[in-house]
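Given next are the chains, with one letter for each unit.
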Amino acid sequence: MKRIRIAELLEDRRMLTALADLDGDGDLDAYDRSAWYMNVDGHGNFRAYTYSDEPIADVIAVDIDHDGDLDLVTSEPAWYENVPGEAKFQTVHAFAGVDRPGAKITAIDLGHDGVTDIALFAAGNVTVFQNTDGAGAMEQVEQQFHADLADADDWDGDGDIDLLTLSDAVDLWRNQGDGTFTPERLAENHVDELGIESSLVSTQFARLNADQAPDVVINWFEFFDSPYNSCVWHANMDGQVAATASCGVTNYGTNRLIDVDQDGDPDLLSSDLMSGYLFWARNLGDGTFERGGFTSVTFHGFVNHTDLMADLDQDGKWDLVTQRIQNRAPVWVSSADATYEPHVNQVPPAGVLRAGDVNQDFRFDQADLIQVAKAARFDQAADWAAGDWNGAPGGSIHLPPAGDGRFDQSDLDLAFASGIYRRGPYELTDLPRQDQAEPLDTAVGDVDLQIIYDAGTGEVSLRNLGAPLTAFELTSDAGRFLLDSLENWNGPFDVVEANTLFRFDLAGFQELQLGKILANGVSWQSLVQDLKIDGARLGGGGLGRVQLTCIDCVLDVDFYQQRIRDQDYESAWDLNDDAMLDQNDVRVLVEDVLHTSIGDANLDGRFDSSDLVAIFQAGEFEDGTAGNSNWSEGDWNGDGEFDTSDLVWAFQFGVYVDENL
């Protein structure tokens, strides 16, 4: 297994901040459970880049795809790919078949074949994922449980997971491969003949020597006149447990395994809370820790047993790295600063803007083209936001470069020739992609554009009721689009992909042929949750009010009312996911899907006097004929009748619009 440059805690490996060379430039960057921090100048000045907005319990840095750089692997579980030369971690690979996250994650090596595999821990459980192709294709291969589980790895290299447990004793449980385990006692709480009380604190697997097989490390708390901590380890001798060896360190604090000197093997970092110092002992590569020449840094108000030591500014001296993030940068103290004041982060300016990047998110994509199409300044005076790009590259965020003061074909040509269209960020950035696409909804009433889906055929058509379009974007987060029917989408900026359809033509187009771009029988719920739309019209502005019309989809109020009366249930009709079909589902349909109100008999988007006129003109109010009324005739509570109870229902749950107010 490739050794990784990452802090490994003996007591708790879920560090808030860890260090590694993530961008491959030879200095130490930092990362935590949502962002990574680039050491931009090698002197400990950091710029933050968010890689996840999701809550993550644990993250490690390891070369999971074995391409020579460190990726971030999280307890979601997922791994965030380090794109060569650009450590942006924007490509996410979720582990398949996992329904819940873990609390801790570690890198292991099943079979000792040098390929990095993953162990995910949660409440006594360990789930093992094998890197089946050596390039990050993770497959769940094993799951084990022990109430006292402390760590897990393939101790004997036989391809299955062995366990370390911690209670009043430390036991190594060897997996026999048939569902059974054989325990071996390694240590237990005791009082020796001198009266020294020894209590177990923690245990873990760690690779301390050159054979790269997992060894066992044990941390003790001992008391004789005064308390102190000690560390011992057992080497892995071809699957046999070697005799106890001392790590050579005792202190009044905690011991952790961290590659302080960045030579590929874990050193011992000790925090001594009695003296207020942070010590380290170098691992000579064979599990022998060099006591001579201890280096120390005083805490001076930063007392925290999870603080780190590293040479962040590359001055040959060890700095104190705290577990705090302030102003989007790690807080650290230079050992060269006798005042022990935190380093002041000084970040150089971000990169210059490139042609086409209207919204200044360091990307040039269809969102920028939609914005200039909405501005409608082609062949007219314009600024950067309206298409004047021929002053680029240059400027910076909020101060874009000035061009010739016009938006014309030369600006589009320059942007196209840049080669950055839809290629992701052209600068390292933590800015999210700017996108104004909105969910494609099932609006009622007057609309400007209809997207019509036929569930029976999969055909999608567009009915434009306004000015010609100059930009049109339809996206599917689920990648639903079928592409065979799309023709003449061949403009330089047009996009035809499973998750994005984009057409751009500043001359304008009234119609747009889509054809069979969706599978048959997609539910309207799926479409509403998945599809988003944006675009612009000739003369400027957006698309206006957009309506999704679904042919042969169940969007009919009377259909729901009849199913409720018949007590006919199917999960596809259960709009509020409560495993029953009742008037609560009708309310979801009317209010959340059709965006109107109980009482809106004509479904024009509002409950007003016109609805009351319509239902009384239908002439079915308390007419004595059983079950002859529907929604448009006044049956709003679904009992098949139009009577006083419907009016009570509507004025209780509906929103009446009084035109006289």
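Keep in mind it's a predicted model, so treat the numbers as computed, not measured.

## A closer look at unusual backbone geometry
Thought 1: With omega at 0°, the peptide bond leading from Glu76 into Pro77 counts as cis.
Thought 2: Relative to the helices and strands, Pro77 is located in the loop between strand E7 (71-74) and strand E8 (78-83).
Thought 3: For the bond from Ala392 to Pro393, the omega torsion is 0°, close enough to zero to count as cis.
Thought 4: By the element assignment, Pro393 lies in the loop between strand E30 (380-381) and strand E31 (406-407).
Thought 5: Unlike most non-glycine residues, Gln262 shows phi in positive territory, near 60°.
Thought 6: In this fold, Gln262 is placed in the loop between strand E23 (253-258) and strand E24 (267-272).

## Quick look at the sheet that holds strand E16 (residues 169-175)
Thought 1: Spatially, four strands are ordered E14-E15-E16-E17 in an open sheet, and the strand pairing comes out antiparallel. Single-partner strands in this sheet number two, and they are strand E14 (149-153) and strand E17 (181-188). With direction set aside, neighbouring strand axes in the sheet form an average angle of 20°.
Thought 2: Across seven bridges, the pairing between E16 and E17 is antiparallel. Across the sheet, Asn175 pairs through a bridge with Phe181, a residue of E17.

## Observations concerning the sheet that holds strand E4 (residues 35-39)
Thought 1: In space, the four strands of this open sheet follow the order E2-E3-E4-E5, with antiparallel pairing throughout. In this open sheet, the two edge strands, each paired with only one partner strand, are strand E2 (18-20) and strand E5 (46-50). Each strand axis lies, on average, 25° off the axis of its neighbour in the sheet, ignoring direction.
Thought 2: Sheet analysis places E4 next to E5, joined by five bridges and oriented antiparallel. By the bridge assignment for E5, Asn39 is matched with Phe46.

## Brief notes about the pairing of E7
Thought 1: Of the two faces of E7, both are covered, the one formed by Asp71 and Val73 as well as the one formed by Leu72 and Thr74.
Thought 2: When strand E6 (residues 59-62) meets E7, the two strands line up antiparallel, connected through four bridges. The partner of Ile60 across the bridge, within E7, is Val73.
Thought 3: Here three bridges tie E7 to E8, and the two strands are oriented antiparallel to one another. Following the sheet pairing, Leu72 is matched in E8 by Tyr80.
Thought 4: Joining the antiparallel neighbours E7 and E8 is a turn of three residues.

## Digging into the pattern of salt bridges
Thought 1: Tallied over the full model, the rule gives 17 salt bridges.
Thought 2: With a shortest N-O distance of 3.6 Å, Arg503 and Asp494 are connected by a salt bridge.
Thought 3: The buried category is assigned to Arg503, whose relative accessible area is 18%.
Thought 4: A relative accessible area of 14% places Asp494 in the buried class.
Thought 5: A salt bridge links Asp635 to Arg565, with the nearest nitrogen and oxygen atoms 3.6 Å apart. Note that Asp635 is positioned in the loop between helix H6 (609-617) and helix H7 (644-653) and Arg565 in helix H4 (residues 557-565), a separation of 70 residues in sequence.

About the thresholds
Residues numbered from 1 in each chain as written. Predicted model: local features only at pLDDT ≥ 70, side-chain atom pairs only at ≥ 80, totals over all residues. Heavy atoms only, no water. Helix = DSSP H or I, 4+ residues; strand = E, 2+ residues; numbered from the N terminus. Pairing = 2+ DSSP bridges. Axes fitted to C-alpha atoms, helices over the stretch in contact; angles between N-to-C directions. Buried < 20%, exposed > 50% of the residue type's maximum accessible area, 1.4 Å probe, protein only. Salt bridge = Lys/Arg side-chain N within 4 Å of Asp/Glu carboxyl O.

Any link to function would need more than the numbers given here.
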